Structures are given as structure tokens and as C-alpha cells.
Amino acid sequence: MATEINGRLSGKLGNRIYYVDPVTGIQRVRQCPKKVRNPRSPLQTGHRGNFGLISHLSSLMSEAYDLGLHHHARRAKLRPYNDFRSLNKDCFTPDGNIDYQRLVLSRGSIPKVYFDHADMPHDNILHLSFDPDLMTNGAYRNDKLRLYAFCPALEQGMLFPPVLRSDGSATIELPEEWQQPVHLYAFLLNSRGYASDTIYIPIG
């Protein structure tokens, strides 16, 4: 049954469904389907399971993608939460688990930096060096590198303080209770908050 909130309808009324667009705030209406299909084929069931995995992951990684997808989501007229789910809906291994190396936490045209890998001489200390790729006489030297680590076993993530692109290196400390594997991501932000594409950094 439809209800009225601030002069706008929300819910079902007759054979129509009223709702407010979450992005534009415009009142919209659509007709109820005559027949609701609910296939339970293995393919459809697997798709629903994958969507559930990404939806759950989006609630855990929001600290990172709220920054990295901010402008990309605005251009797409989405919230970062919805943008993250859309970009990562196909990031799965053949057995239906998440392919963490393919996850997108940021998207944009800012030039990236390049890592070989992250060295871990101690159990929880990571040393990273990267090619700052300053380009055009250092025009991007003040971009800030954001590093984000995620531990699937504990479902915990950590966004580290920014590092200048021109520094060329960074050292971060992971929580001692974190278990392997740990996945490490990076992206750059300029002074206006525009981002680079996501960089996945192998650890080892």
C-alpha cells in the first residue's frame, strides 16, 4: 500500500508502484509486472550469490571507494556504493569466490605509479617503493597516494595516511592479528579529489 511522505507517494497503489529516485529526488511511477519470474536455475542462483558477496564486500570497503569512486560515481549519477557494486559484479573466480586482484576501488584518468611488489621483512611491516612517474616536468608530484589493505579472513580493511607521489616510497604497518592472505590496493588523488585507476600490489 502506498504512503505519502512530504507530498510524494511511496509504495504500491493499484497496479502501479510509486517511488522517489534516490539520485535525482524525482517522483517516479512504474507499472506492476503481470507475472513475476523467479527462476532458480544454477546460473541464476549463482548470480544471486555473487551479487550477495559483492554487496557484503561493499559494506566493508566503503572507506576506500568513497574516495576512489567519488567523481566517477557522480558522473554516472550513482552513489559510490552502487558504483562499486556495478563495477565489481563480475569479479569472481570460477568457484564463485571473489577475485580480489580484479576489484575496482577507484576509477579515473590521473596517471598511476608502478610497483613491483611490497616487501615484508617483518610479519606486519610493509615497505613499498614505486616509480613516481612525475611526467611533464613534475606536474603530478603533489598527487597523494592512498594505500588500502584488506584481510578477508577477519573482514577488516585499513586505509593508510596519504603519501606524496614524489616521495617514491612508503612504509605501512598491518595489525598483528591479521592473517594471510592480505590484499593491498593503491590509487592516487589530486588536489581536486580526482582519482587514478586502482592499482593492485602483490605482497611478497
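Everything numeric in this text was worked out from a predicted model, so none of it was measured.

Colleague: So what exactly am I meant to see when it comes to a negative patch on the surface here?
Modeller: A contiguous patch of negative charge, built from Asp123, Glu173, Glu176 and Glu177, is present on the exposed surface. Examined against the element boundaries, Asp123 turns out to sit in the loop between strand E5 (114-119) and strand E6 (125-131). On the basis of relative accessible area, Asp123 is assigned to the exposed category, the value being 74%.

Colleague: Please explain the packing of aromatic side chains as it appears in this structure.
Modeller: By convention here, two paired aromatic rings are described through the distance between centres and the angle between planes. Per the stated rule, a full pass over the model turns up four aromatic pairs. Geometrically, the ring pair formed by Tyr185 and Tyr200 is edge-to-face, given 5.4 Å between the ring centres and 70° between the ring planes. Placement of Tyr185 in strand E11 (residues 183-189) and of Tyr200 in strand E12 (residues 199-201) is noted, with a sequence separation of 15 residues between them. Of the residues examined, Tyr185 reaches a relative accessible area of 1% and is grouped as buried. Using a relative accessible area of 23% as the deciding quantity, one classes Tyr200 as partly exposed.

Colleague: Please clarify how the confidence of the model for the protein should be interpreted in this entry.
Modeller: Segments scoring low in pLDDT should not have their predicted coordinates read at a detailed level. When pLDDT is averaged across the protein, the result is 85; 84% of the residues are at 70 or more. Taking the mean pLDDT of every element in the protein, the minimum, 66, falls on strand E1 (residues 3-5) and the maximum, 97, on helix H2 (residues 62-68).

Colleague: Can you walk me through the sheet that holds E6 in this structure?
Modeller: In a beta sheet, neighbouring strands are held together by backbone hydrogen bonds and run either parallel or antiparallel to one another. One open sheet accounts for three strands, arranged E5-E6-E10; its pairing is antiparallel. Strands with a single pairing partner mark the edges of an open sheet, and in this sheet they are E5 and strand E10 (169-173). The average undirected angle you get between the axes of adjacent strands in this sheet is 20°. Here five bridges tie E6 to E10, and the two strands are oriented antiparallel to one another. Pairing of Ile125 across the sheet is with Glu173, part of E10.

Colleague: Which parts of the structure should I look at to understand the nonpolar core?
Modeller: Within soluble globular proteins, side chains that are nonpolar generally end up buried alongside one another. Phe115, Leu128, Leu145, Leu147, Leu184 and Ile201 are the most contacted members of the largest nonpolar core, which totals 23 residues. Secondary-structure elements contributing two or more residues to this core are E5, E6, strand E7 (144-151), E10, E11 and E12. For this core, the element with the most residues is E7, which contributes four residues. By size, the runner-up hydrophobic cluster in this structure holds 18 residues, among which are Phe84, Phe92, Tyr100 and Leu159.

Colleague: It is not clear to me how the pairing of E7 should be interpreted in this structure. Could you clarify?
Modeller: In regular strands, side chains alternate between the two faces of the sheet. With seven of eight residues buried, E7 lies mostly within the body of the structure. When E7 meets strand E9 (residues 163-164), the two strands line up antiparallel, connected through two bridges. Bridge pairing in E9 links Leu145 to Val163. Where E7 meets strand E8 (residues 156-159), four bridges bridge the pair, whose relative direction is antiparallel. Considered in E8, the bridge of Phe150 is made with Gly157.

Cut-off values and rules
Residues numbered from 1 in each chain as written. Predicted model: local features only at pLDDT ≥ 70, side-chain atom pairs only at ≥ 80, totals over all residues. Heavy atoms only, no water. Patch = residues over 30% accessible without salt bridge, like charges linked within 9 Å, V, L, I, M, F, W, Y side chains within 5 Å. Areas by Shrake-Rupley, 256 points an atom, 1.4 Å probe, with all protein chains shown as cover. Salt bridge = Lys/Arg side-chain N within 4 Å of Asp/Glu carboxyl O. Lys, Arg positive; Asp, Glu negative; His and termini not counted. Charge placed at Lys NZ, Arg CZ, Asp CG, Glu CD. Helix = DSSP H or I, 4+ residues; strand = E, 2+ residues; numbered from the N terminus. Buried < 20%, exposed > 50% of the residue type's maximum accessible area, 1.4 Å probe, protein only. Phe/Tyr/Trp six-rings, centres within 6.5 Å; stacked < 30°, edge-to-face > 60°. pLDDT = per-residue confidence, 0-100. Pairing = 2+ DSSP bridges. Axes fitted to C-alpha atoms, helices over the stretch in contact; angles between N-to-C directions. Core = buried A, V, L, I, M, F, W, Y, C linked by side-chain atoms within 4.5 Å.

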